[in-house]
Amino acid sequence: MKAHVTDPRLALFAPVRAPIPRALSRTTFARLLIAAVWVNCLATFAYHLTADPLFQQLGNGAAVATVAGCTALAALGGRLFAAKLAGLLLVVVLAAGWWLNQSRTNPIDTIKFFQVFAVFAAARECTGTLRMPRLAYGLALLPLPLLVLGGSRVAGAESWSFLPNANTAALFYTALLFVFSIADPRGKLAAQIVVSILSGKIGVLVASVGAMILAGAVRLRGTGLVLTILGLVMLGPLLMSGMLDRQMEVLGSLIADVYDGGIGSIAQASYADLHLRRGTDLSGYFRIIHWAEILGRWRDAGPGAWLFGQGGGSTPALTTAKLVPHNDYLKVAVEFGIFAFGTFVALIVTAALGIKDRVQRALFLVVAIYFASENLLANFASMALLFGFAGLIRGGRDA
């Protein structure tokens, strides 16, 4: 057999094969992500306590660095070509939207939106086994000092906060329960119901029950039947104690007015008309009027705004109340356009379908449902935990 001889003069034209960077292990990624959340949360707490902007910059810097690192990891990984292509198209759309709306675009709002894609995609690139970092369990204690101080926004100024109000506080614990359920799902749904009740937020409770039903996590047999009976038994004392008075007032008055005049009558009302409505808690009415106004302004803005949005963080300037939408689906559509909205929904569906455990899927869907009633994308800690670990679960199945 004739030996193969290579002419050394041709070596110059031989292809150079650069070594492919080794993927992070899923455990290492989890540790790095948890560490970033710790830095962000501690810095945010220090900022709220002292109002020193240095701590605000440190907390926001940890979040931005995490998004940048995850973007690089996702881009350099050797898997998920279709996801990379979708991510590239999303970046092009966001860049076009920024260029068209430079005068009213807040770059931080754009980064907050992009973070869920970056963290999820980077987590899917990781390989190996997943061991829960012990630091993750300590995160459950972080909000308590703020509660002891009597408020969650001591400084009163805007930051990339992990606990700006009771709604996001409850969903922070939902994200933690989702993370903890990966190691052991037992008892996590019961804990979610307890968190929902203690938060005093009707939306969190409704989203929790709806997510459990949608995920098929509650079955009327065996343990599911026992938990359902116990829940109904507990409902009586809770109603008698007054803990659910606010929930019943909000839901009852809103349902009654929708039944009497339809949701259109509320959407067409002015803010001055709110005092004529039933009850004292008007958050439900406010949201309907607020959303209708934002949709109307977006509809009138024309095809450019429909395709590329009106700029990250621009919705407060479009409304009478000068407030954010309290609906992340609406925020994404109006600020970033139809393609970004479709990509966001596709991400949520992909993540949910990748979670096979019913308890884990139910906890993930709680946040997916509550996106329709709150500003959760601005919450780095919750979004990093939720989409990061959802990506790790999906990545383990892809391997």
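Computed from a predicted model, the values in this text were never measured in an experiment.

Here we come to the pattern of salt bridges. Counted under the stated rule, the structure contains six salt bridges. The partner of Arg186 in a salt bridge is Asp184, and the shortest N-O contact between them spans 2.9 Å. For Arg186, a relative accessible area of 67% corresponds to the exposed category. Of the residues examined, Asp184 reaches a relative accessible area of 26% and is grouped as partly exposed. Residue Lys331 is joined to Glu335 by a salt bridge in which the shortest nitrogen-to-oxygen separation is 2.9 Å. Pair noted here: Lys331 and Glu335 are both in helix α16 (residues 328-336), with a separation of four residues, about one helical turn. You'll find Lys331 and Glu335 in the same group, each marked buried.

Three- or four-residue spacings in an α-helix give side chains the same orientation, since the helix completes a turn every 3.6 residues. Taking 1.5 Å as the rise per residue, helix α7 (residues 166-183) with 18 residues should run 26 Å; its terminal C-alpha atoms sit 27 Å apart, in good agreement. Most of α7 is tucked away, with 14 of its 18 residues classed as buried.

Turning to the confidence of the model for the protein, a few remarks are in order. Confidence along the protein averages 78 in pLDDT terms, with 70% of residues attaining 70 or more. For the stretch residues 1-6, pLDDT sits under 50, and the model shows zero contacts to residues farther than four places along the chain or on other chains. Ignoring residues within four places in sequence, the model shows residues 8-21, a span with pLDDT below 50, making one contact including any to other chains.

Turning our eyes to something else, we now look at empty space enclosed by the protein. Applying the stated criterion across every chain yields a total of one cavity of 30 Å³ or more. By volume, the largest cavity amounts to about 60 Å³. Lining the largest cavity are Val93, Leu94, Gly97, Trp98, Thr105, Thr110, Phe308, Gly311, Gly312, Glu335 and Phe336. Elements with a contribution of two residues or more to the lining of the largest cavity: α3 (81-100) and α16. Take the lining of the largest cavity: its biggest share by element is four residues, from α3. Considered class by class, the residues forming the lining of the largest cavity number five nonpolar, five polar and one charged.

Time to look at the nonpolar core. With 73 residues, the main nonpolar core has Phe113, Phe364, Leu385, Phe387 and Phe389 as its most contacted residues. The element that contributes the greatest number of residues to this core is helix α19 (residues 380-398), accounting for 11 residues. Here Phe389 is in contact with Ala30, Leu33, Ile34, Met132, Phe178, Val179, Ile182 and Ala384, once residues within four sequence places are set aside. Counting seven residues, the second-largest nonpolar core is a separate cluster that includes Ile294, Ala305, Ala333 and Val334.

Right, let's get into the packing of helix α8 (residues 188-199) against helix α9 (residues 202-214). In the contact formed by α8 and α9, the axes pass within 8 Å of each other and the chain directions differ by 160°. Viewed along their axes, α8 and α9 adopt a mutual orientation that is roughly antiparallel. Of the two possible hands of crossing, α8 and α9 adopt the one that is left-handed. Along the contact surface, α8 presents Leu189, Gln192, Ile193, Ser196, Ile197 and Ser199, while α9 presents Val204, Leu205, Ser208, Val209 and Met212. The residue inventory of the contact of α8 with α9, partitioned by class, reads seven nonpolar, four polar and no charged.

It is worth spelling out unusual backbone geometry at this point. Phi is positive for His326, close to 60°, though the residue is something other than glycine. Mapped onto the secondary structure, His326 falls in the loop between α15 (315-318) and α16. Under the relative-accessibility criterion, His326 is labelled buried at 17%.

Packing of α9 against helix α18 (residues 358-370) brings their axes to within 8 Å, and their N-to-C directions diverge by 130°. Compared by their axis directions, α9 and α18 come out oblique. For α9 against α18, the interelement crossing comes out right-handed. Between α9, through Gly203, Val204, Ala207, Ser208, Gly210, Ala211, Met212 and Leu214, and α18, the contact on the second element is made entirely by Ala362, Leu365, Val366, Ile369 and Tyr370.

About the criteria used
Residues numbered from 1 in each chain as written. Predicted model: local features only at pLDDT ≥ 70, side-chain atom pairs only at ≥ 80, totals over all residues. Heavy atoms only, no water. Salt bridge = Lys/Arg side-chain N within 4 Å of Asp/Glu carboxyl O. Buried < 20%, exposed > 50% of the residue type's maximum accessible area, 1.4 Å probe, protein only. Helix = DSSP H or I, 4+ residues; strand = E, 2+ residues; numbered from the N terminus. Expected span 1.5 Å × (residues − 1). pLDDT = per-residue confidence, 0-100. Contact = heavy atoms within 4.5 Å. 1 Å grid on protein atoms, 1.4 Å probe; cavity = no way out; pocket = protein on both sides within 12 Å on 5 of 7 lines; lining within 4 Å. Points joined across faces, edges and corners; volume = space filled by probe spheres on them. Nonpolar A, V, L, I, M, F, W, Y, C, P; charged D, E, K, R; others polar. Core = buried A, V, L, I, M, F, W, Y, C linked by side-chain atoms within 4.5 Å. Axes fitted to C-alpha atoms, helices over the stretch in contact; angles between N-to-C directions. Parallel < 35°, antiparallel > 145°, perpendicular 65-115°, else oblique. Left-handed = near helix turned anticlockwise from the far one by under 90°.

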